[in-house]
Amino acid sequence: MYTTLLTELEKGTLIITVNRPDKMNALNKDVIEELGKVLHEVYTNDEIKSAIITGSGEKAFVAGADISEFISLDYSGGTHLSKKGQDTVFNKIENCPKPIIAAVNGFSLGGGCELAMACHFRIASVNAKFGQPEVNLGLIPGYGGTQRLTQLIGKGKAMELMMTADIVGAEEAKALGLVNHVVQPEELLTKAKEILQKIQFKAPIAISKVISCVNDAAKCDPDGFTNEITRFGECFLTEDMKEGTNAFLEKRKPVFKGK
């Protein structure tokens, strides 16, 4: 179905693997196009409850963008490249009502780091490396990196990493708040699946509203508290809320239907 991605649906979790190992899984036009298509599937296919994004092999999650595609671009081409990527992939991941985890194996640089940061959270193998080295090319991050890195680790450290182009390892990334868990490479997908299986037993509508509200907070949305009040109230209109509260009072496990 895809030429640059591998996909596998397992117990409601779609595992999306960027599959260009000869190019360190670098993002090119085809990868962006196909990521957009697979995200549409995540949004619309009810069999898909969550997703994991990872890279082929242990050397790289996504080592960056395919720089060879940049050479001929001018202002118009550069802004179009950035906008298309943000609109069709990175913002779609961040705003997806279903949880999407990045399972980061190896290099996660430039566009790869931006892809990981767009996910709802990140799990890294011990050999993972993170960085936004675009200034080495006379560029800045264009797929939301200046915004999301700052949201995740704070202004000062984000400034330093983007201006020095320094690369940090998995443990430092965890200490900075960029990564939630660090595991051995062979445990990477297992850990991601384990967390998503836990989430899948929770109320899907409530999970989607958590994602939306936390995104508001990350963006310092001035209406964040008001939006939380509205979404909290909306939960009371769902069958899941009735099921959850009844199950609690009846001392049994709830069975949520996403309604």
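Quick note: structure is the one above.
Residues numbered from 1 in each chain as written. Predicted model: local features only at pLDDT ≥ 70, side-chain atom pairs only at ≥ 80, totals over all residues. Heavy atoms only, no water.

## Some details on the sheet that holds strand 8 (residues 129-131)
This is how the line gets drawn: Whether two strands pair comes down to DSSP finding at least two bridges between them. Counting from the N terminus, the helices are DSSP H or I runs at least four residues long and the strands are E runs at least two residues long.
With mixed pairing, four strands are arranged side by side in an open sheet as 4-6-8-9. The outermost strands of the open sheet, each flanked by one partner alone, are strand 4 (60-62) and strand 9 (168-169). Both strand 4 and strand 6 (residues 107-109) contribute to a ladder of two bridges, which runs parallel. Residue pairing across strands places Val-62 opposite Ser-108, the latter belonging to strand 6.

## Observations regarding the side chain of Glu-114
Threshold: Exposed residues in this analysis have more than 50% of their type's maximum accessible area, buried residues have under 20%, and partly exposed residues fall in between, with area computed by a 1.4 Å probe over protein chains only. In this count, Lys and Arg are taken as positive residues and Asp and Glu as negative ones, while His and the chain termini are left out. Any Lys or Arg side-chain nitrogen located within 4 Å of an Asp or Glu carboxyl oxygen qualifies as a salt bridge. As used in this structure description, the phrase polar contact means that two N or O atoms lie within 3.5 Å; if the pair is within protein, one of them must be able to donate a hydrogen and the other to accept it, and residues adjacent in sequence are counted only when both atoms belong to side chains. When checking whether two residues touch, look at their non-hydrogen atoms; a contact exists if any pair is within 4.5 Å.
With respect to the element layout, Glu-114 can be found in helix 3 (residues 111-118). One buried charge, Glu-114, has no salt-bridge partner; the nearest side chain with opposite charge is Arg-148, at 6.7 Å. Polar side-chain contacts of Glu-114 include one of 2.7 Å to the backbone nitrogen of Tyr-143. The residues touching Glu-114, leaving out its near neighbours within four places in the chain, are Phe-90, Gln-132, Glu-134, Pro-141, Gly-142, Tyr-143, Gly-144 and Gly-145.

## Brief notes about the nonpolar core
Let me state the cut-off plainly: Residues grouped as a nonpolar core are buried Ala, Val, Leu, Ile, Met, Phe, Trp, Tyr and Cys residues, joined through side-chain atoms within 4.5 Å.
If you look at the biggest cluster of nonpolar residues, it comprises 45 residues, and the most contacted ones within it are Ile-16, Leu-35, Ile-93, Leu-115 and Phe-130. Looking at this core element by element, the count peaks at six residues for helix 1 (residues 29-44). Ignoring sequence-local partners within four residues, the contact set of Phe-130 consists of Val-104, Ser-108, Leu-109, Cys-113, Ala-124, Asp-166, Ile-167, Val-168, Ala-173, Leu-178 and Val-179. With 12 residues, the next largest nonpolar core counts Ile-101, Ala-103, Ile-123 and Ile-195 among its residues.

## A look at the pairing of strand 1 (residues 5-10)
Both strand 1 and strand 2 (residues 13-18) contribute to a ladder of six bridges, which runs antiparallel. When the bridges of strand 2 are listed, Leu-6 appears paired with Thr-17. In sequence, strand 1 turns back onto strand 2 through a hairpin of two residues, with Lys-11 there showing a positive phi of about 50 degrees.

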